[in-house]
Amino acid sequence: MMSSSEEWSSRKAWRQFRLEAETAKHYPSSYALYLGQTHRDILLEQLLPTLLYIKAACILDDSLSVWLGDNGHVLKKPYRNDFNGRICYIADNSLYANTEDLHAIRKRRNGYAHQPGAVSDWAELESDIEAIEECLVTLGLAVETKSLKYYAERSQIQGSDDPKIAFTRRFSYGVKEDGKMALEIAWDQNILIK
């Protein structure tokens, strides 16, 4: 677990997670850059939501740990210093109202982390992301996520000044936050002269 003296910031971690999750959710659109059509990959449809779910729950767990420490709360018996103990302590001390949602998220996270066949899906991930964000915002550990919009684009083919390259084209995809670039994955495709 993180200690309150480390550089880790729940606000930064949550924002980065939201940008990455939004980008990952739209991965099929990235295929259109090359193929002209989208495609859902069966393996990625199982892996991405499940792995993102585990990551979201870990950010919640670490955030609760930091928040408790920063606010002078020390877990003693009967509370264990783990995800369950933190949620139980918060519930018993009326520090946050929707702890039943947090317990459900913790249990699902445990299932995904410890049961090889357990998988999440995009709908469940989205729903529980909202519940996690509500908790983080309420406790002052994150700010409400702004409007996120996925994009994918490619430039037109252009000539190159490099004598070894006939043409070049730029590809990029990512997320805009309130219309401003927030996360971009970009690369150039160079067509070499034979």
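Since the structure is predicted, the reported quantities are computational estimates derived from the model, not experimental observations. (Residues numbered from 1 in each chain as written. Predicted model: local features only at pLDDT ≥ 70, side-chain atom pairs only at ≥ 80, totals over all residues. Heavy atoms only, no water.)

The secondary structure content of the protein amounts to six helices and four strands. Taken from the N to the C terminus, the helices and strands of the protein come in the order α-α-α-α-α-α-β-β-β-β. Compactness check: the protein gives a C-alpha radius of gyration of 21 Å against a globular reference of 16 Å for 194 residues, more than 25% above the reference. Its C-alpha atoms give the protein principal-axis dimensions of about 70 × 35 × 25 Å. Going through the 194 residues of the protein one by one, you find that 39% of them count as buried. If you take every contact in the protein between residues at least 6 apart in sequence, the share linking residues at least 24 apart comes to 58%. Accessible surface computed for the protein: about 11600 Å², of which carbon and sulfur atoms make up 49%. Taking the 24 positively charged and 28 negatively charged side chains of the protein as two groups, their mean positions are separated by 3 Å. (Helix = DSSP H or I, 4+ residues; strand = E, 2+ residues; numbered from the N terminus. Rg over C-alpha atoms; globule rule 2.2 N^0.38 Å. Buried < 20%, exposed > 50% of the residue type's maximum accessible area, 1.4 Å probe, protein only. Contact = heavy atoms within 4.5 Å. Areas by Shrake-Rupley, 256 points an atom, 1.4 Å probe, with all protein chains shown as cover. Lys, Arg positive; Asp, Glu negative; His and termini not counted. Charge placed at Lys NZ, Arg CZ, Asp CG, Glu CD.)

Compared with an ideal rise of 1.5 Å per residue, which puts 16 residues at 22 Å, helix H5 (residues 99-114) spans 22 Å between its outermost C-alpha atoms and is within 8% of the ideal. Structurally, H5 contributes buried residues whose contacts are with helix H3 (42-70), helix H4 (83-92) and helix H6 (122-138). (Expected span 1.5 Å × (residues − 1).)

This part is about the nonpolar core. Core analysis: the biggest nonpolar cluster contains 37 residues, and Trp14, Phe17, Leu60 and Leu64 have the highest contact counts within it. At 10 residues, the largest contribution of residues to this core is made by H3. (Core = buried A, V, L, I, M, F, W, Y, C linked by side-chain atoms within 4.5 Å.)

Scanning all chains against the criterion turns up 11 salt bridges. The partner of glutamate 133 in a salt bridge is arginine 18, with the nearest N and O atoms 2.5 Å apart. Remark: arginine 18 occurs in helix H1 (residues 10-25) and glutamate 133 occurs in helix H6; sequence separation between them is 115 residues. Each of the salt bridges in this network shares a partner with another, and the network as a whole consists of Glu22, Lys25 and Glu126. (Salt bridge = Lys/Arg side-chain N within 4 Å of Asp/Glu carboxyl O.)

In this fold, aspartate 128 is placed in helix H6. Of the residues examined, aspartate 128 reaches a relative accessible area of 7% and is grouped as buried. Aside from chain neighbours lying at most four places away, what touches aspartate 128 is Tyr53, Ile105 and Arg108.

Backbone geometry follows two general trends: most residues other than glycine have a negative phi, and most peptide bonds adopt the trans configuration. A cis geometry characterises the amide bond from lysine 77 onward to proline 78, with omega recorded as 15°. By secondary structure assignment, the location of proline 78 is in the loop between H3 and H4. Non-glycine residue serine 94 carries a positive phi angle of around 50°. For serine 94, the position within the fold is in the loop between H4 and H5. Residue class for serine 94 comes out exposed when judged on its relative accessible area of 65%.

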